[in-house]
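Residue strings, one per chain:
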Amino acid sequence: MRNDRPETGGFFQRDRLWHPPALTPGYKTSVVRSPQRAPIAFPHTLSEVTGPTFGRQILGELDNDLTLNYARPGESAMGPRIIVYGRVLDERGVGMSNVLVEFWQANAGGRYRHKKDGYLAPLDPNFGGCGRTITDEDGNYAFRTIMPGAYPWPNGINDWRPAHIHFSVFGHGFVQRLITQMYFEGDPMIWQCPIVATIPDRRAVEGLIAALDMQATVPMDARAYKFDIVLRGRRSTLFENRLEGN
Amino acid sequence: MAQQLGRLKESASQTAGPYVHIGLTPNFCDISGIYPEDLGQPLVNDKTKGERVAVVMRIFDGTGTPLKDVLVETWQADAEGLYNSPSETRGAADPNFQGWGRFPSNMETGEIRFETVKPGRVPFPDGRMMAPHISLWIVARGINLGLSTRMYFGDEAKANDADPVLTRLEHQNRIATLIAPRDGDTYTFDIHLQGDRETVFFDI
Ligand SMILES: [Fe+3]
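Residues numbered from 1 in each chain as written. Chains lettered and ligands numbered in written order. Predicted model: local features only at pLDDT ≥ 70, side-chain atom pairs only at ≥ 80, totals over all residues. Heavy atoms only, no water.

Visitor: I keep staring at the nonpolar core and nothing clicks. Help me out?
Guide: One recurring pattern in soluble globular proteins is that nonpolar side chains are buried together. In this structure, V84, V88, F167, M182 and F227 of chain A are the most contacted members of the largest nonpolar core, which totals 87 residues. Here this core takes 5 residues from strand β8 (residues 178-184) of chain A, the largest share from any one element. When residues no more than four places from it in sequence are discounted, the contact partners of V84 of chain A are Y141, A142, F143, T145, I165, F167, M182, Y225 and F227 of chain A. Counting 28 residues, the second-largest nonpolar core is a separate cluster that includes V44, I112, I134 and I191 of chain B. (Core = buried A, V, L, I, M, F, W, Y, C linked by side-chain atoms within 4.5 Å. Buried < 20%, exposed > 50% of the residue type's maximum accessible area, 1.4 Å probe, protein only. Helix = DSSP H or I, 4+ residues; strand = E, 2+ residues; numbered from the N terminus. Contact = heavy atoms within 4.5 Å.)

Right, here's the structure in full:
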């Protein structure tokens, strides 16, 4: 159901046992970057329940097409062509309109366009690796890209990241802000990855694995993966006899 | 058995990783031509109302080394204490101040420097006024779930002493970790992820 007026309630408490803890020694960098003391809770104020909004005018025509947004005229990025689509929902199941979704990824060989990435797989001159879109009134988003490659990374001597796409999502309140990663159905590397393994609950990992959706495929063009993203739910406040947001 | 509540679970967080700049500030890391400019800066323009101030921030790991691959987002009220957000019900915020910023640290020094206006005061749910503050959200490689904290202003001692969030901290000796001292027009805010001076982070 759609909301006619902006909601102003506080958000559900975050389930910190569902998210990765700060200290996860299997992911070595976390050891010196994890706060040791308990985070302090307090009731949400306007500083927490408000958040920035982004208008569609920031979007360029190719922002949601990574196969073309860095490519030379008439060319396109190398690799298996895919469409990633889904909805941004909150924990109540309400589709979240007008949220900025940003994504970034390695190229088909597993190499990032970043001076810190020294992996020997080559850069693709037609692939930049980032895109963005804004959800529609029901919370839907979609973009076109190429399947990213798996890549090795310095953690253990032979750790590899499964193919993945990084996602950054805004909600309607600043404390809904979330960064996560999308994995691909059927990839055996998911269950070998120390970063995936920071998530304690297998069901929470499964919530990050996009499903291959042959019905959403564009024949002779691109396969499709469906990836829904869930942000924190909001407490309803009674308004004129009904709970807003429900 | 009762009826099911049918709630979904929030998507689990994953680290922003070492290449967060590609996605969030591509122009900063030399990927040009996709977006005309990176989002979230500058915060102020010629018409923005309020007192201009600068903030210099560094984020230190447990060995005392500044993070050089960190990205911080800021969220604050305008000079009148109003948020530029649909959920702000008290009035219209300064249209020349979005209130949201996004800042990657300098890749060599780890420093973050930005200009903003000093925010006005915003109420706590019980009506008491909070001291001026900027909400911060910190992501980087090695951080599994974005860290939330606040920066308070060192020259607001009276407001800080009565702030409903600061006064509820059990360990009052940790309040200093949330207060940025002022020198001229510049506030310096050092964030420590670990150690004796570990910054207070919030579960919000
Ligand atoms: Fe990655």
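On we go from here.
Visitor: Teacher, can you tell me more about the interface of chain A and chain B here?
Guide: By convention, interface size is frequently given as the accessible area that disappears when the constituent parts associate. In this assembly, 87 residues from chain A lie in contact with 77 residues from chain B. Buried area between chain A and chain B, summed over both chains or domains, comes out near 7,300 Å², and the portion from carbon and sulfur atoms is 59%. Scanning the region where chain A abuts chain B turns up 8 salt bridges. Note that R37 of chain A is salt-bridged to E198 of chain B, the shortest N-O span being 3.8 Å. Where chain A meets chain B, there are 44 residue pairs in polar contact (both at pLDDT 80 or more). Elements with a minimum of two residues in the side of chain A that touches chain B: α1 (30-33), α2 (46-49), β1 (81-90), β2 (100-104), β3 (130-134), β7 (164-169), β8 and β11 (229-231) of chain A. Taken together, the residues of the side of chain A that touches chain B break down into 41 nonpolar, 25 polar and 21 charged. (Buried area = accessible area lost by both parts, 1.4 Å probe. Salt bridge = Lys/Arg side-chain N within 4 Å of Asp/Glu carboxyl O. Polar contact = N/O pair within 3.5 Å; in protein donor to acceptor, adjacent residues only side chain to side chain. Nonpolar A, V, L, I, M, F, W, Y, C, P; charged D, E, K, R; others polar.)

Visitor: Would you explain the coordination of the iron ion in this entry?
Guide: Four donors placed tetrahedrally about a metal ideally form angles of 109.5 degrees, and six donors placed octahedrally ideally form angles of 90 or 180 degrees. Residue and element names in this part refer to chain A. Protein-derived coordination of the iron ion comes from Y112 (OH), Y151 (OH), H164 (NE2) and H166 (NE2), at a distance range of 1.9 to 2.2 Å. Of note is the iron ion, whose 4 donor atoms meet at the metal with angles of 89 to 162 degrees in an arrangement that counts as irregular. Read N to C, the donor residues that coordinate the iron ion are spaced as Y-x38-Y-x12-H-x1-H. Note that Y112 is positioned in the loop between β2 and β3 and Y151 in strand β5 (residues 151-153), a separation of 39 residues in sequence. There is no split in this pair, since Y112 and Y151 are both buried. (Donors = N, O, S within 2.8 Å, 3.2 Å for Na, K, Ca; no water. Tetrahedral: all angles 85-135°; square planar, octahedral: opposite > 155°, others 65-115°.)

Visitor: Just to check I follow, could you spell out the packing of aromatic side chains for this structure?
Guide: We describe a pair of aromatic rings using the distance from one ring centre to the other and the angle between the two ring planes. Within the structure shown, the criterion is met by 18 aromatic pairs over all chains. With 3.6 Å between their ring centres and 10 degrees between their planes, F103 of chain A and F143 of chain A make a pair best called stacked. Of this pair, F103 of chain A sits in strand β2 while F143 of chain A sits in strand β4 (residues 140-146), and the two are 40 residues apart along the sequence. For F143 of chain A, a relative accessible area of 2% puts it in the buried group. Pairing F103 of chain B with F114 of chain B gives two aromatic rings, centres 4.4 Å apart and planes at 10 degrees, and the pair type is stacked. (Phe/Tyr/Trp six-rings, centres within 6.5 Å; stacked < 30°, edge-to-face > 60°.)

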